[in-house]
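Summary of the model geometry
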Amino acid sequence: MKILVLGADGYLGWPTTMYFAAKGHEVLGIDNYIKRQFAAEVNEEPLFPIKTLQDKIKYWNIITKSNITKYAIGDITNYEFLSTVIKDFSPDCIIHYAEQPSSPWSMFSYENAKRTIENNLIGTFNVAWAVKEINPDIHIIKLGTSGEYGSPNTDIPEGFFEYEYRNRKETRLYPREGPSIYHTTKIQDTDLLHFFVRTWGLKVTDLMQGPVLGIVTEEMLLGNSVPDHTLFTSFHYGEHFGTVLNRFVVQAICDYPLTVYGKGGQTRGYLNIKDTVQCINLAAETPPESGKLRIMNQMTEVFTVNELANRVQIAGTKLGLDVKISNVPNPRKEAEEHYYNPEYSKLLNLGLQPNYLTADVIMEMMQIVQQYRKQIKQNTIFNCNSWNT
Ligand code: USQ
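Described below are features of the structure shown in this document. (Residues numbered from 1 in each chain as written. Predicted model: local features only at pLDDT ≥ 70, side-chain atom pairs only at ≥ 80, totals over all residues. Heavy atoms only, no water.)

Here helix α7 (residues 181–200) spans 28 Å end to end across 20 residues, near enough to the 28 Å set by a 1.5 Å rise per residue. Those residues of α7 lying buried are Y182, H183, T185, K186, I187, D189, T190, L193, H194, F196 and V197. Sitting at the head of α7, S180 places a side-chain oxygen 3.3 Å from the backbone nitrogen of Y182. (Helix = DSSP H or I, 4+ residues; strand = E, 2+ residues; numbered from the N terminus. Expected span 1.5 Å × (residues − 1). Buried < 20%, exposed > 50% of the residue type's maximum accessible area, 1.4 Å probe, protein only. Polar contact = N/O pair within 3.5 Å; in protein donor to acceptor, adjacent residues only side chain to side chain.)

The following block contains the structure:
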C-alpha cells in the first residue's frame, strides 16, 4: 500500500511510519513540528533527544537499506499544501494523527483553546475535503479518543447504538460529552467525518483510542534485544503532554510521589504503544465499505488511576525503588468515581494481540527512563494548571 502519515513526527506518528515501512509499504510522513512548538511553550521537551523527521527518515532508510520512506514538511491546515501532496503521492490510505493532542494544554488559555480548535478542525476538514475531491476511494484512518464518550452511567458501544424513544427505534452515534476543549474537537471531527461519509461516500475508520503508554516498538529494536535510541519517539512526561502511566514511570525514577489526581477513581481504557501500531495496521488492512463510518474502540484493558499507581509502585519495588503515591488536588474537571464499561472487541476480532500492562512492561520502561534521569525537569511535572482558574 501507499500510506500517508499525517503527524509523522509525533509520539504515535513516528512508530507508525516505521511500522508500515518495515512491512514494505511505501510511506510518506508529513509534519509541521507544531507539537514541538506547543510543548516548548510550556517547557515540556520530550525526555529523550529526538531528531527532526527528515533526519529520522534519512537514518531509517540507511539502516534498513531502503529508500521507500519519504517526508514532506508542511501544515495540513493549508489546503493547497495538503491537496498537492495527496495528488502527487496518490495514497491508498491516510492515517491522520496531525492534531494538537493534549487535553490539559487545550484548557490552559484562550490562545491554546483557539489553536486547538483551528488546528484540529480545519486539519480534519481539509483531509476529508481533499479526499472527496481527489479520490474518495482513499481510506482515512482518523485517531479519535475514547474521551469523546466521557464517563457515562451506561455501557459504551463501539460508536453506534440502537435506542428506543416513544415506541420507535433508531440507530445513531452514541451520545458524546467531552471533558476538555481538546476532546470536544475530537467529537466534532467525528461529526464532520460522519457527514462526509453520509454525503459523499467516503471510507473512514475513526478510532476511539484510550491513553497510550510505553516507549519501545518492534521497529526500534531492529531485530536486537536493545532498542536503537536514535529511533526513539517523542516521549513526554510533563503535566500537559505526558499520558498518565508514562508520567508515573518518570515520577518513580526521579523520586517524585506519583501524582494521583483527586480520589484516583477515574477509569479509562489503556493500551501499549505497540498495540496502537498493530491496531492501525489492522484498520488499514480492512477498509470499511464506502458510505459507512466505522468506529472502533482502541484499548486493551481498563484501569483506575489508583490501580495504575499501585502497579507502578509494585514494579518500582522490584527494582529497589521506594515509590510514593500522593493524592494531589485534581487540576481537571472530571468524575473521580464513576461507572465505566466500554466495549472493545472489534479490533480483537480483527486479530489484535494485546501487550498487557505487566510489571515487566513497567520495569522495562523504568530501566530506559533511568538512563535519562538527569534530564528529567521536575518543575514541569505538576503545577496544577487548572480547568477552573
Ligand atoms: N491523571 C492523573 N495524574 C496525572 C495525569 C493524569 O491522575 O498525573 C488522570 C487524569 O486526570 C485522567 C487520567 O489520568 O483521569 C488519564 O489522563 P491522561 O492525561 O493520561 O489522558 P487524557 O488527558 O485523557 O488524554 C490522553 C491523550 C489523548 C488521548 C486520550 C485518550 O493526551 O491524546 O486521546 O488520552 S482518553 O483519555 O480516553 O480521552
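A word on the site of the ligand. With respect to spatial proximity, 24 residues lie near the ligand, and among them T145, S146, Y182, T259 and E334 are the closest. Residue T259 places a main-chain N or O atom 2.6 Å away from a nitrogen atom belonging to the ligand. Measuring from an oxygen atom of the ligand, one finds a side-chain N or O atom of R332 at 2.8 Å. Taking 720 Å² as the accessible area of the ligand by itself, protein coverage stands at 94%. At the level of elements, α7, α9 (244–253), β10 (258–261) and β11 (267–272) are the ones that each hand at least two residues to the shell around the ligand. Its residues assigned to classes, the shell around the ligand comprises nine nonpolar, 11 polar and four charged. (Near = heavy atom within 4 Å. Areas by Shrake-Rupley, 256 points an atom, 1.4 Å probe, with all protein chains shown as cover. Nonpolar A, V, L, I, M, F, W, Y, C, P; charged D, E, K, R; others polar.)

When you tally the buried positions in strand β6 (residues 160–165), you get zero out of six residues, a small fraction of the element. Here β6 runs beside strand β7 (residues 168–173); their pairing, made up of six bridges, is antiparallel. Of the residues in β7, the one forming a bridge with E162 is T171. Two successive antiparallel strands, β6 and β7, enclose a turn made up of two residues, where R166 displays a positive phi of approximately 45 degrees. (Pairing = 2+ DSSP bridges.)

What follows covers a nonpolar patch on the surface. A contiguous nonpolar patch, built from F125, W129, F195 and W200 and spanning about 350 Å² of accessible area, is present on the exposed surface. Where the nonpolar patch is concerned, the elements lending two or more residues are α6 (110–134) and α7. Look at F195 and you get partly exposed, because its relative accessible area is 37%. (Patch = residues over 30% accessible without salt bridge, like charges linked within 9 Å, V, L, I, M, F, W, Y side chains within 5 Å. Salt bridge = Lys/Arg side-chain N within 4 Å of Asp/Glu carboxyl O.)

Okay, the sheet that holds strand β5 (residues 139–145) next. Strand order in the open sheet formed by seven strands is β3-β2-β1-β4-β5-β8-β12, with parallel pairing between adjacent strands. Strand pairing shows two members of the sheet lacking a second neighbour, β3 (69–73) and β12 (293–298), which therefore form its edges. Here the average twist between neighbouring strands, direction ignored, is 20 degrees. Alignment of strand β1 (residues 2–6) against strand β4 (residues 93–96), held across four bridges, turns out to be parallel. When the sheet's bridge partners are listed, I3 is paired in β4 with C93. Where α6 meets the sheet, its contacts fall on β1, β4 and β5, and the angle it forms with β4 comes to roughly 175 degrees. (Axes fitted to C-alpha atoms, helices over the stretch in contact; angles between N-to-C directions. Contact = heavy atoms within 4.5 Å.)

To continue, consider the sheet that holds strand β9 (residues 212–213). Sheets are built from strands paired through backbone hydrogen bonds, the pairs being either parallel or antiparallel. Here we have three strands laid out as an open sheet, ordered β9-β11-β13, and mixed in their pairing. Each edge of the open sheet is held by one strand with a lone partner, namely β9 and β13 (301–304). Judged from the two bridges that link them, β9 and β11 form a sheet pairing that is parallel. Bridging across to β11, V212 finds its partner in L271. Against the sheet, helix α10 (residues 273–285) engages β9 and β11, with an angle of about 80 degrees to β11.

Another point: the packing of α9 against helix α11 (residues 305–318). Taken N-terminus to C-terminus, the directions of α9 and α11 make an angle of 35 degrees; their axes are 10 Å apart at the nearest point. In this structure, the crossing between α9 and α11 has a hand that is right-handed. Residues V244, L245, F248, V249 and A252 of α9 lie in contact with α11, whose contacting residues are V305, L308, A309 and V312. Taken together, the residues of the contact of α9 with α11 break down into nine nonpolar, no polar and no charged. (Left-handed = near helix turned anticlockwise from the far one by under 90°.)

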